[in-house]
Amino acid sequence: MVEKNKSISTIGTHFADLSDPRVVGRSDHKLIDILVIGICTVICGGDDYSAMKEFGDAKESWFRTFLELPNGIPSHATFWRVFSALDPEQFQACFLSWMSAISTKTDGEIIALDGKQLRRSHDREEGKAAIHMVSAWATENRLVLGQVKVDEKSNEITAIPELLRRLDISGCLISVDAMGCQVEIADLIIEQGGDYLFALKGNQSTLHEDVELLFDDLEESGYKAYTHDYVKTVDKGHGRIEIRHCWTISDPQIIGYLRGADRFRNLQTVIRVRSERYLDDDQSVEDRYFISSAATQAAKALQATRTHWQVENCLHWVLDIAFREDDSRIRKGHGAQNFAILRHLALNALKQETTAKVGVKNKRLKAGWDERYLSTVLGHLLI
């Protein structure tokens, strides 16, 4: 059973600075009760305000073991009013405070940054485009560390620095796709004590061209032209063979000749990853290029480039499949943005719970059926 004092003190501490958007003295329900029921509902499979009301009614006796509920379970309209009106910036700050308390930063942790659109969050009546969120995923701890909304008139390039400034990234390797391969972002990461790993494509055209030519020259020389490191991995399964090759060059004199390299602070390593895929008679070969401020060998560089895609497989895909995020029609006020934070809170709790050997979707169902299991899931948030 969830301990009443522990749950209230923990949640109350991290949401202490969250302003109640309702009129003072005219509220029948405590804000903390609304937040806890909302979080539990999303953990247990609920995806909207009606689910919060129904789940609260079904579990009222259980909630009363650790919540006050002076006027019973709030109505559907109350949940709608509160989560639509909550300041998402304050809610996000509370989320960051909570995640900082429950996560232990691993030295050298890879933090992957990537964006995702909430496809059905647009509101044509109010002229609002679909919300786009950039999230930070800690690959070792398997936690969402934070997220920011991309401004409608901007893109991820402006959102990434805002997110980075909210995180403690010292000692971490920050992995970003090609859109985020920007001098200003590299500077910010270095200033905050981290290292960067950027995918390199056409947005840094001269640097991309020179890095590609450098590795072509290395290959044509029989891998004798420059000092480099190399690793190869082979994965087999379901009739498919995938071979990955990785080469790294960290010679400062060579890197110094690359056009545009001097613009990226502390640039120490350039990387080529070649992926060969074989499935029956089909074969494909793809080369990808990266730059990094870490003087890393090929094995670690290959691991880091592969780990980046956890943000797609372990976060975005799970939000779509297990939480049906792209189907959500919540769009009024700040509801879509605040619900995205609720989903991230729920996902973090479910990812940290490892006794149930099932996927996130079935963990949600199990938590809804079994109050003891729900208490166990919540326990990972009550630090």
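The structure under discussion appears in the preceding block.
Residues numbered from 1 in each chain as written. Predicted model: local features only at pLDDT ≥ 70, side-chain atom pairs only at ≥ 80, totals over all residues. Heavy atoms only, no water.

J.: Which parts of the structure should I look at to understand the sheet that holds strand 1 (residues 110-118)?
T.: Ordered by their spatial adjacency, 9 strands build an open sheet running 3-2-1-4-5-9-8-7-6, and the pairing between neighbours is mixed. Looking at the sheet topology across the chains shown, the edges are occupied by strand 3 (143-149) and strand 6 (229-237). For this sheet the average axis-to-axis angle between neighbouring strands, irrespective of direction, equals 25°. Alignment of strand 4 (residues 173-176) against strand 5 (residues 195-200), held across 4 bridges, turns out to be parallel. Following the sheet pairing, L173 is matched in strand 5 by D195. Sheet strands in contact with helix 7 (residues 156-165) are strand 1, strand 2 (131-138), strand 3 and strand 4, and its direction is about 45° off that of strand 2. Set on the sheet, helix 11 (residues 298-307) makes contact with strand 1, strand 4, strand 5, strand 6, strand 7 (240-249), strand 8 (269-279) and strand 9 (282-292); between it and strand 6 the angle comes to about 45°. (Pairing = 2+ DSSP bridges. Helix = DSSP H or I, 4+ residues; strand = E, 2+ residues; numbered from the N terminus. Axes fitted to C-alpha atoms, helices over the stretch in contact; angles between N-to-C directions. Contact = heavy atoms within 4.5 Å.)

J.: What am I meant to see in the nonpolar core here?
T.: Soluble globular proteins tend to bury their nonpolar side chains together. With 105 residues, the main nonpolar core has I43, F63, F83, F198, F264, I291 and F323 as its most contacted residues. If one sorts the elements of this core by residue count, helix 2 (residues 31-43) sits on top with 10 residues. When sequence neighbours within four positions are dropped, the list of residues in contact with F198 reads V176, G180, C181, Q182, I185, A186, I189, F264, Y289, F290 and I291. (Core = buried A, V, L, I, M, F, W, Y, C linked by side-chain atoms within 4.5 Å. Buried < 20%, exposed > 50% of the residue type's maximum accessible area, 1.4 Å probe, protein only.)

J.: Help me out: how do you make sense of the environment of I37 in this one?
T.: When you line up the elements, I37 lands in helix 2. Judged by its relative accessible area of 0%, I37 falls in the buried class. Residues I37 and F63, spaced 26 residues apart in sequence, show a C-alpha to C-alpha distance of 7.9 Å. Contacts of I37, omitting those with residues within four sequence positions, involve M52, G56, F63, L67, L69, I73, P74 and F79.

J.: So what exactly am I meant to see when it comes to the packing of aromatic side chains here?
T.: Describing an aromatic ring pair means giving the distance of the ring centres and the angle of the ring planes. Across all of its chains, the model carries 13 aromatic pairs by this definition. Taking 5.5 Å as the distance between ring centres and 90° as the angle between the ring planes, the aromatic pair formed by F15 and W98 counts as edge-to-face. Within this pair, whereas F15 is found in the loop between helix 1 (4-14) and helix 2, its partner W98 is found in helix 6 (residues 88-102), the two being separated by 83 residues in sequence. A residue is classified by how much of its surface remains accessible, and W98, at 1% relative accessible area, is buried. Here the basic side chain of R272 rests over the ring of W247, its NZ or CZ set 5.9 Å away from the ring centre. When the ring centre of Y373 is taken as reference, the NZ or CZ atom of K366 above it lies at 5.2 Å. (Phe/Tyr/Trp six-rings, centres within 6.5 Å; stacked < 30°, edge-to-face > 60°. Lys NZ or Arg CZ within 6 Å of the ring centre and 35° of its normal.)

J.: Can you walk me through the layout of surface pockets in this structure?
T.: Left-over empty space is what a probe sized like a water molecule reveals as it rolls over the atoms. Here the largest pocket is characterised by a volume of approximately 430 Å³. If you go around the largest pocket, you meet 25 residues; those closest to its centre are G108, E109, I110, L173 and K300. Broken down by element, the residue count for the lining of the largest pocket peaks at 5 residues, all from helix 11. In terms of residue class, the lining of the largest pocket is made up of 9 nonpolar, 11 polar and 5 charged. Counted as a void, the second largest pocket has a volume near 300 Å³. The wall of the second largest pocket is formed by 17 residues, among which A199, K201, R288, F290 and W309 lie closest to the centre. Breaking the lining of the second largest pocket down by element, the ones donating at least two residues are strand 4, strand 5 and strand 9. In terms of residues, the lining of the second largest pocket owes the most to one element, strand 9, which gives 5 residues. (1 Å grid on protein atoms, 1.4 Å probe; cavity = no way out; pocket = protein on both sides within 12 Å on 5 of 7 lines; lining within 4 Å. Points joined across faces, edges and corners; volume = space filled by probe spheres on them. Nonpolar A, V, L, I, M, F, W, Y, C, P; charged D, E, K, R; others polar.)

J.: Would you mind going over the packing of helix 6 against helix 13 (residues 335-352) with me for this structure?
T.: Axis angle and axis distance: for two packed helices, these are the angle between their axes and the distance between the axes, and together they describe the pair. Orientation of helix 6 relative to helix 13, taken along the N-to-C sense of each, is 10°, at an axis distance of 9 Å. Taken as axis vectors, helix 6 and helix 13 run roughly parallel relative to one another. Of the residues in helix 13, those touching helix 6 at P88, E89, F91, Q92, F95, W98 and M99 are Q337, N338, I341, L342, H344, L345 and N348. Tallied by class, the residues present in the contact of helix 6 with helix 13 amount to 8 nonpolar, 5 polar and 1 charged. (Parallel < 35°, antiparallel > 145°, perpendicular 65-115°, else oblique.)

J.: Can you help me understand unusual backbone geometry in this one?
T.: Trans peptide bonds make up the majority, and among non-glycine residues the majority have a negative phi. You will see that N266, though not glycine, has its phi angle at about 60°, which is positive. Checked against the element boundaries, N266 lands in the loop between helix 10 (252-256) and strand 8. With a relative accessible area of 43%, N266 lands in the partly exposed category. Positioned with a positive phi, R324 is a non-glycine residue whose angle comes to about 50°. For R324, the location among the structural elements is in the loop between helix 12 (310-321) and helix 13.

J.: Teacher, can you tell me more about the pattern of salt bridges here?
T.: A pair can form between side chains of opposite charge whenever their charged atoms are brought close. For the coordinates displayed, the defined rule picks out 26 salt bridges. Linking R22 and D20 is a salt bridge whose minimum nitrogen-to-oxygen distance equals 2.7 Å. What makes R22 buried here is its relative accessible area of 18%. The partly exposed category is assigned to D20, whose relative accessible area is 33%. (Salt bridge = Lys/Arg side-chain N within 4 Å of Asp/Glu carboxyl O.)

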